[in-house]
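Close look at the chain arrangement
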Amino acid sequence: MTQVYVPNYSEPEQGAIEPLELETENPQERGTAELEEQVRLFRLLNQINREIGSTLDLSRVLASACQLLGITINCSRVSILVKDNELDDCLITRGEYLKEDYKRQLGLAVPVTDNPHLKAVMSKSGALAVSRFLEFPGLSEDTKELAKSLSIRSMLTIATRYQGQVNGVIGLQQCDREREWTVWEKELLEGVASQLGIAINQAQIYTAARTAAEREALLRSVTRQISSTLDLNTILQTAVKGARKLLDTDRMVIYQFKENWLGEIVVEDVIDPWYSLLGQEIGDNCFSAENAKLYQQGRLRAIDNIHYSGLDSCHVEFLDSLQVKANLIAPILIGSGESSSPQLWGLLIAHECRAKRHWKNGEIEWLRQIADEIAIAVNQAQLYQETRAAAERESLLRLVTERIRSSLECSEIMQTAVSEARQLLQSDRVLIYQFRENWHGSVVVEETIAPWNSILGEEVADDCFPEKYLQMYKSGRVRPMNDISSAGLDREHFQFLERLQVRANLVVPISIGRKLWGLLIAHECKGPRFWQPEESQLLGQLAEQLAIAIQQGELFEQVQDSATKYQAQARELQATLAELRSTQVQLIQSVKLSSLGQMVAGIAHEINNANNFIRPNLFYAQDYTLVMLEALSHYAEAMPEPPDEIAELIEEIEYIEQDFPKLVKSMQEGSDRIRSIVETLRNFAHLDEAESKEVDLNEGLESSLAMLQHRLTRQIVVRKEYGELPLLECRPGQINQVFYNILQNALDAIEQKIEENGGTGELTIRTWLGKMRLESQGTILTASADKICNSPSLDSPSLDSSSLDSSSLDSPNLNSPDLDAVDAVIISIRDSGAGIAPETLERIFDPFFTTKEPGKGTGLGLSLCYQVTVKGHGGCIDCISQPGRGAEFLVKLPLNHGH
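For every chain, the first residue of the written sequence is number 1, and numbering continues from 1 onward in sequence order. Local features in a predicted model are, by the rule used here, given only for residues with pLDDT of at least 70; side-chain atom pairs are given and counted only at 80 or more, and totals for whole chains, interfaces and linings are based on all residues. The side-chain quantities take in all heavy atoms of the structure and omit both hydrogens and water.

1. Focus: the overall build of the protein chain
- Across its full length, the protein chain carries 19 helices and 25 strands.
- Burial statistics for the protein chain: of 899 residues in total, 43% are counted as buried.
- Of the roughly 47,700 Å² that the protein chain leaves accessible, carbon and sulfur atoms contribute 49%. Counting from the N terminus, the helices are the DSSP runs of H or I reaching at least four residues and the strands are the DSSP runs of E reaching at least two. Relative accessibility decides the category of a residue: with a 1.4 Å probe and only protein chains considered, values under 20% of the type maximum give buried, values over 50% give exposed, and everything between is partly exposed. The Shrake-Rupley method, run with a 1.4 Å probe sphere, supplies the accessible areas, and residue values consider only the shown protein chains as cover.

Here it is as structure tokens:
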């Protein structure tokens, strides 16, 4: 926007001309006043001359002149209107001074046509004084309305001239009253007008030269960028931003055509308060092929006022919706040559949103030159893009061909093809759809980008497909669909594509011989898209290569099927043998667990039955005894001197009275102990509970240890270091059996060492919450070779849970963050026995393997522990041992069995 210079004059400066009242009857005073008038006139003219000589900025000169005139003449408003060389019927207000808060006139265009006052001023050599402006003869209603809106009541006006030609008008306006203008004021205005006429002419010449230089500089800048870069967006941004600034317009855009003469604003430069149109798809329904033909022939269109330019009403409404009052349009034509007509790529458009505007011939021609430079840049960019796209297509086809030659993995080849194709086409989704029975099928390979949904693996059934398109695709039809909403699709087919978020697609058949195997499809989801012929050609060539890859893959699969047929039979036999062995072990374990549980439950039941005869009767025996003792007491009171025989009995009764409560209490404690043992047996067996439940493993260890209480002699020290554990969902009876078997083996090892060497032994039981690795779960039966639990070493210097959990044979810290680790309860049972030899350690979890004497072991105890822990609960078990240093069993059970 053009900046307007307004001097900061609130009070007259020292030496400035002050307003002077000249009304006086005294001739001497009048002569003095006239002399003062001349002095003031010269001073004002000199001040204006200084402003003219100090700058060529027309706005600054006019603003200073208006300020000086307004203060000197003491009027309401001073306005200077400048004539545009190419606008004969209108004057533009370029300078203004306001004394009070009246409506501003600056920037207002005042028409000369049908304005007799302006015509009179421009035809008169001197100043024209009007005391009652609204009564000036011949004023039109529009001119009167304009004067009323500006509150003009009186006006003193004069035209400025250069070499006899009018180039502006100075108007002194009185808004608060009607005013008679004096001869001195007229002379003053005439003197100022002669100076301003020269100043306006000089400023206009300077402005025109500067504008021409700036326009030429912008053209050179765009030309340099075209020759130095292939970044089309940078070139267009530079051109549009510079053009908007030089034309001093509100919005400058580049509109690129798509299909059916619809298009999109691709580049824009706009100033406040006008809103942006960038990226909007704009459809002008009044823009026809006839308009396109005119622009294709090089038509330039300047619309000064959209309401008075003969436009269709729908086009006027369209421009109104864009806030446009006037616009200037230049076509961007590319591909023009001797043998081909130019292609209308888009339009370069200047929008004037503030008010109507008369576009000058120089502006129109200059915008055409910018549009031509933009066309060169677009043409170069398209040639570069076409060359690069051809190279990329060739590279993609070569890549797929090489993959076909080097690999028989059909899925890998297809994934590479769709990934590269999507990136090359810059589409939202590329997929391969494989047909099955009844021409239904599924998406077998896909490459998509956010935010569009994936449809990989979905069974997609388009009921409209077989009837219309099957034979066409069988014959090799390639179908580009630029916009599904205008493609004439059946309602069902349209809704089917809508569900897949498709707005445009490109479909190419994949045929193997005469068989239609599937489709290679590119989806555009964010909006319609005009598919280029070279894009269709690319997908067609890619589909041919994919057909070769699929055919080779199918042949390879057939060969593999034949080669692996007999291997499969051998594997089935091996699997059957393994299954039989596993079934045998499981049956033995099941019978053992069931028998043990039933035996424990039977013993507990029988003991409990016997105890139930004793425990309830103890209370009655105590009551009966008290009654008898009370009766004897009454008898003694009744017979103070009983016979000797009875006296001796009374002495014994006194002893019984003191000792009997102790006897009953002892019997009660014994009964409670029997009841506690029965409860322990029942907890160990867990036969009265659900198969799986949440339990405290610390309590399970205590129950298992209680079952072996009779073996815990004074020579065996038991250390318990139970951590705080969450409840774990498991099969309690099976887990307790694991604890029982391990504890029993540990006590066997300790007792054997005590027997051989004497001394004492130590059994350490510890629990804590730690981590276990997912890869540790599996069907591994050996301990030392595979490190089932990645267990800590016996060389660990500390026995606290943190050191055991964090030191590992395979990992320096199992408690460190690990994507493959889950939370687990860890149980350590360590003995001070003789230890296990390495060759034995490798087999301790094998079924039927035992080192005990015949009759003392079945070889199923530790195998059962493995089956229950690993296969039954998804955990892991390991044993770490060195000869002479004892053994340590580690059991890890995941908190979340779902892992």
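Next comes the rest of the write-up.
2. Quick word on the sheet that holds strand β12 (residues 343–352)
- A pair of strands counts as paired when DSSP detects no fewer than two bridges linking them. What the 6 strands build is an open sheet, ordered β9-β8-β7-β12-β11-β10; its pairing is antiparallel. Two strands close off the open sheet at either side, each with one partner strand: β9 (281–282) and β10 (301–303).
- Where β10 meets strand β11 (residues 326–334), 3 bridges bridge the pair, whose relative direction is antiparallel. Bridge pairing in β11 places Ala 302 opposite Leu 328.

3. Considerations on empty space enclosed by the protein
- The rule is simple: put a 1 Å grid over the protein atoms alone, call a set of points where a 1.4 Å probe fits but cannot get out a cavity, call an open set with protein on both sides within 12 Å along at least five of seven lines a pocket, and count a residue as lining if it has an atom within 4 Å of a point. Grid points are joined across faces, edges and corners, and a volume is the space filled by probe spheres set on the points. Tallying each qualifying case throughout the model produces 4 cavities of 30 Å³ or more.
- When its volume is computed, the second largest cavity comes out at roughly 210 Å³.
- Contributing to the lining of the second largest cavity are 18 residues, with Gln 105, Val 110, Phe 133, Ile 152 and Met 155 lying nearest its centre.
- Put simply, the parts of the chain that give the lining of the second largest cavity at least two residues each are β1 (77–84), α3 (116–123), α4 (141–149), β5 (154–162) and β6 (165–174).

4. A word on unusual backbone geometry
- With an omega dihedral of 5 degrees, the bond running from Asp 272 to Pro 273 counts as a cis peptide bond.
- With respect to the helices, strands and loops of the structure, Pro 273 is situated in the loop between β8 (263–270) and β9.
- Between Ala 450 and Pro 451 the backbone carries a cis peptide bond, its omega angle lying at 5 degrees.
- When you line up the elements, Pro 451 lands in the loop between β14 (441–448) and β15 (459–460).
- A positive phi angle, near 60 degrees, is found at Asp 114, a position not held by glycine.
- Here Asp 114 shows up in the loop between β3 (109–111) and α3.
- Look at Asp 114 and you get exposed, because its relative accessible area is 53%.

5. What about the packing of helix α15 (residues 697–707) against helix α16 (residues 732–757)?
- Orientation of α15 relative to α16, taken along the N-to-C sense of each, is 50 degrees, at an axis distance of 9 Å. On the basis of their axis angle, the class for α15 and α16 is oblique. The way α15 lies across α16 gives a crossing that is right-handed. Touching Leu 697, Gly 700, Leu 701, Ser 704, Leu 705 and Met 707 of α15 are Ile 735, Asn 736, Phe 739, Tyr 740 and Leu 743, all from α16.
- When the residues that make up the contact of α15 with α16 are grouped by side-chain class, the tally is 8 nonpolar, 3 polar and no charged. Comment: axis = line fitted to C-alpha atoms, over the contacting stretch for helices; angle = value between 0 and 180 degrees taken between N-to-C directions. Throughout, the term roughly parallel applies to angles under 35 degrees, roughly antiparallel to angles over 145, roughly perpendicular to angles from 65 to 115, and oblique to all others. Should the near helix be turned counterclockwise from the far one by less than a right angle, the crossing is left-handed, whereas a clockwise turn marks it as right-handed. In this description, contact between two residues means that some pair of their heavy atoms is separated by no more than 4.5 Å. When residues are grouped by polarity, Ala, Val, Leu, Ile, Met, Phe, Trp, Tyr, Cys and Pro land in nonpolar, Asp, Glu, Lys and Arg in charged, and all others, Gly among them, in polar.

6. Description of α3
- Those residues of α3 lying buried are His 117, Leu 118, Val 121 and Met 122. Projected down its long axis, α3 shows its buried positions confined to an angular sector of 130 degrees, all on one face. Throughout, the arc means that of the directions going from the helix axis to the C-beta atoms.

7. Let's talk about the packing of aromatic side chains
- Centres within 6.5 Å make a pair out of two Phe, Tyr or Trp rings, where for Trp the six-membered ring is used; the pair is then stacked when the planes are under 30 degrees apart, edge-to-face when over 60, and tilted otherwise. By the definition in use, this model includes 3 aromatic pairs.
- An angle of 85 degrees between the planes, with centres 5.3 Å apart, marks the rings of Tyr 255 and Phe 257 as edge-to-face.
- Centroid distance Phe 845 to Tyr 866: 6.3 Å. Interplanar angle 45 degrees. Geometry classified as tilted. Pair noted here: Phe 845 is in the loop between α18 (838–841) and α19 (861–873) and Tyr 866 is in helix α19, with a separation of 21 residues, a long-range link.
- Look at Phe 845 and you get buried, because its relative accessible area is 1%.
- Judged by relative accessible area, which is 1%, Tyr 866 ranks as buried.
- Positioned above the aromatic ring of Tyr 275 is the side chain of Arg 251, whose terminal nitrogen or guanidinium carbon lies 5.7 Å from the ring centre.
- Placement of a positive charge over a ring is assigned whenever Lys NZ or Arg CZ falls within 6 Å of the ring centre and within 35 degrees of the normal to the ring plane. The ring centre of Tyr 295 lies 5.2 Å from the NZ or CZ of Arg 299, which sits over that ring.

8. Overview of the pattern of salt bridges
- Note on definitions: salt bridges are taken to be side-chain nitrogens of Lys or Arg within 4 Å of carboxyl oxygens of Asp or Glu. Under the defined criterion, the tally for this structure stands at 24 salt bridges.
- The partner of Glu 178 in a salt bridge is Arg 132, with the nearest N and O atoms 3.3 Å apart. Taken together, the residues Glu 178 in the loop between β6 and α5 (183–228) and Arg 132 in the loop between β4 (128–130) and α4 connect sequence positions 46 residues apart.
- Residue Arg 354 pairs with Glu 352 through a salt bridge whose shortest N-O separation is 2.9 Å.
- Taken together, the shared-partner salt bridges in this structure form one network comprising Asp 250, Glu 352, Arg 354, Arg 357 and Glu 363.

9. As for the nonpolar core
- We call a set of buried Ala, Val, Leu, Ile, Met, Phe, Trp, Tyr and Cys residues a nonpolar core when their side-chain atoms join them within 4.5 Å. Ranked by internal contacts, the top residues of the largest apolar core, which has 42 residues, are Leu 697, Ile 742, Leu 763, Ile 827, Ile 829, Ile 844 and Ile 877.
- Counting only elements with at least two residues in this core, the list comes to α15, β21 (728–730), α16, β22 (761–773), β23 (821–831), α19, β24 (876–881) and β25 (887–894).
- A per-element tally of this core places α16 first, with 10 residues.
- Within the second largest apolar cluster, 32 residues are counted, among which are Leu 45, Leu 58, Leu 62 and Ala 65.

10. Description of the environment of Glu 373
- Tracing the chain through its elements places Glu 373 in helix α9 (residues 361–406).
- For the pair Glu 373 and Arg 220, spaced 153 residues apart in the sequence, the C-alpha separation amounts to 9.7 Å.

11. Description of the sheet that holds β22
- Read across the open sheet, the 5 strands follow the order β20-β22-β23-β25-β24; overall the sheet is mixed. Sheet topology places β20 (716–722) and β24 at the edges, where each strand pairs with a single neighbour. Neighbour-to-neighbour, the strand axes of this sheet turn through a mean angle of 20 degrees, independent of strand direction.
- Two strands pair when backbone bridges link them, and β23 and β25 are joined in this way by 8 bridges, in the antiparallel orientation. Note that in β25 the partner of Ser 828 across the bridge is Leu 890.
- Packing against the sheet, α16 makes contact with β20, β22, β23, β24 and β25, and its axis sits at approximately 140 degrees to β22.

12. Points about the packing of α16 against α19
- At a minimum axis distance of 9 Å, the contact between α16 and α19 shows a crossing angle of 145 degrees. Note on packing geometry: the crossing formed by α16 with α19 is left-handed. Only Gly 861, Leu 862, Leu 864, Cys 865, Val 868, Thr 869 and His 873 of α19 make contact with α16, whose side of the interface consists of Gln 734, Ile 735, Gln 737, Val 738, Asn 741, Ile 742 and Asn 745.

Without other data, these values stay purely geometric and don't point to any function.
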